[in-house]
Amino acid sequence: MSGVRIRTRKRNIVVPHDPQSFADALIIIIDDAREGLEEGDRANVAKVLDAANKASITCVIRFHSASYCFMQTIVAAETLDVADVAELDFSRYGDTLFEVAFVGARLTTGGSVATEGKKLDINVLACPADAEAILPWIKWFQSMIRRRPFLVKALENVLQKFVMGLEFYDDEGRHKIAIALARCFSLKVGILPESILPKMLVDRLVLKGTVLQFATEFFKEFLACDTLEHLMEILRKARLDSQMLEFFPPQKRTWAEFDAYFQAAGLDDLVQYTAKRRYDEHCQVLAELVQGMVADDPPAKADAVIAEVKAKKAEWGLEDADVAKWVFVGLVQSVMANIGSKNTQQVQFSVLKTLKTQSKTLSSFCTSARLEAGLLNHIQDRQKLAINARLICTGSVKILYDGDVLGEDTIRFWYNKGSSPKGRNVFLKNMEPFMNWLDEAEEDESDEE
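Residue numbers restart at each chain and count upward from 1, following the sequence in its written direction. Thresholds applied to this predicted model are a pLDDT of at least 70 for local features of residues and 80 or more for the giving and counting of side-chain atom pairs; totals over whole chains, interfaces and linings are not thresholded and use all residues. Excluded from the side-chain calculations are hydrogens and water; all other atoms, namely the structure's heavy atoms, are used.

Salt bridge, as used here, is a side-chain nitrogen of Lys or Arg placed within 4 Å of a carboxyl oxygen of Asp or Glu. The full count for this structure, using the stated rule, is 17 salt bridges. A salt bridge links Lys398 to Asp402, with the nearest nitrogen and oxygen atoms 3.0 Å apart. Of this pair, Lys398 and Asp402 both sit in helix 18 (residues 389-402), separated by four residues, roughly a single helical turn. Given the relative accessible area of 31%, Lys398 is considered partly exposed. With relative accessibility at 46%, the residue Asp402 sits in the partly exposed group. Residue Arg412 is joined to Glu408 by a salt bridge in which the shortest nitrogen-to-oxygen separation is 3.1 Å. With Arg412 and Glu408 both in helix 19 (residues 408-418) and four residues apart, this pair spans about one turn of that helix. In this scheme, a residue with accessible area under 20% of its type's maximum is buried, one over 50% is exposed, and one in between is partly exposed, where area comes from a 1.4 Å probe on protein chains only. Under the relative-accessibility criterion, Glu408 is labelled partly exposed at 26%. Look at the salt bridges and you will find they share partners, linking Glu167, Arg204 and Lys208 into a network. Secondary structure counts use DSSP, requiring at least four H or I residues in a row for a helix and at least two E residues in a row for a strand, with both numbered from the N terminus.

Printed below as a string of structure tokens:
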């Protein structure tokens, strides 16, 4: 085989990884676009980026036996012979693209700014700490990603570096990063919350309070342009909606500290939202507690259930109306936990039996006509969950009436005027036999008198 030359296919040529050359090329592109504008527009970041977008970003690649030469040029698209150039490799150097946009240079592995190579004097962190100044950059990211969707992952990688390396930046720099991150989510650039936000929970940063400071600024900036519901949806996707205390240093991880801190920061809506969510969670836990106690073998006595419910009511600050509602839910669910939902008649019988046995529990928290009417409306709202709505709901009302949980005057008022609009016609029709029974009982009493 002496003298035979083995030719290498182009696709098998290994191109050296050279992010610094890409960064230098990108900086030249933006600088050249700025020089092409009128003198009054050169300081306008939005116009500079728009001009850079319209330019044809190209590079000429040459190979030599001993070295690799990477040359870049910027020309107008109409004067360029496409056959002579190849597109700048964004798929390979996407991270470098966003690093230059954020800090004007490449980032090192730890997240600090590299010192070698060219520097771009206009970038996100060089802007004033103002959303309007940073917004053109986010819109530029958006336009780049629309043309090249694969760049989303590169933007996520760079934002991860920032949130994990917050200690490399001062307060103003962290504020700018928070603005940029908030606007990326608000404009729906495409980044995933679960890929970025959990990364900031670095122990050393949490302990110093850096994460709490950054999260607060992120919340403020996001809520300045979007809704609280969208913010909580982002936190839910990042699995942080139930772990917001993790932003605080360990010695301050209490809900009292949480409420006080964010109220002082002017985030009252966030405090109210999380307080309501905790309240709803406590109600669910109360129902599960009652369910477990009644479903035990043997089931807990009414006095034991009452004592436990009162303790939780005081600990969590629950209202009597909600306690009565969720105790009722727990009693019904205790039947399902034991026998399931396949045997319809057995379920119906067991639910009514449980309510009769635990009627004392409910009467302890239905101490006024208003609370009784609230419980009736709750039973009405939950009728669709019953296997046989007519038997379960009507039977429940009669048993609770017999157990002195519900008074006759309350039932009559609720039936005539106080029922909930939701499913009213169906439920009132199901209640007709019971109301007729009440009328007949009243007539019998009158006759006896």
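Back to the text.
This part covers helix 11 (residues 255-264). Listed in full, the buried residues belonging to helix 11 are Phe258, Asp259 and Phe262. Here the buried residues of helix 11 occupy an arc of 95° about the axis, which is enough to place them on one side. Those residues of helix 11 that are exposed and angled more than 90 degrees off the buried face are Ala256 and Ala264. Contacts are residue-level and defined by heavy atoms, with any inter-residue pair within 4.5 Å sufficient. Residues of helix 11 that are buried in the fold lie against helix 9 (210-223) and helix 12 (268-295). One or two positions beyond helix 11, positive phi appears at Gly266, with a value near 85°. The arc refers to the directions leading from the helix axis to the C-beta atoms.

The next point concerns the packing of helix 4 (residues 131-147) against helix 6 (residues 171-186). Relative to each other, helix 4 and helix 6 sit at 50°, their axes nearing to 9 Å. Classed by the angle they form, the pair helix 4 and helix 6 counts as oblique. Crossing of helix 4 over helix 6 shows right-handed handedness. Contacts between helix 4 and helix 6 involve Ala131, Ile134, Leu135, Ile138 and Phe141 on the former and, on the latter, Lys176, Ile179, Ala180, Arg183 and Cys184. Partitioning the contact of helix 4 with helix 6 into residue classes produces eight nonpolar, no polar and two charged. Simply put, an axis is a line fit to the C-alpha atoms, just over the touching stretch for a helix, and the angle between two N-to-C directions goes from 0 to 180 degrees. We call two directions roughly parallel when the angle between them is under 35 degrees, roughly antiparallel when it is over 145, roughly perpendicular when it lies between 65 and 115, and oblique otherwise. Crossing handedness follows the turn of the near helix against the far one: under a right angle anticlockwise gives a left-handed crossing, and clockwise gives a right-handed one. Asp, Glu, Lys and Arg are counted as charged, while Ala, Val, Leu, Ile, Met, Phe, Trp, Tyr, Cys and Pro are counted as nonpolar; the rest, among them Gly, fall into the polar class.

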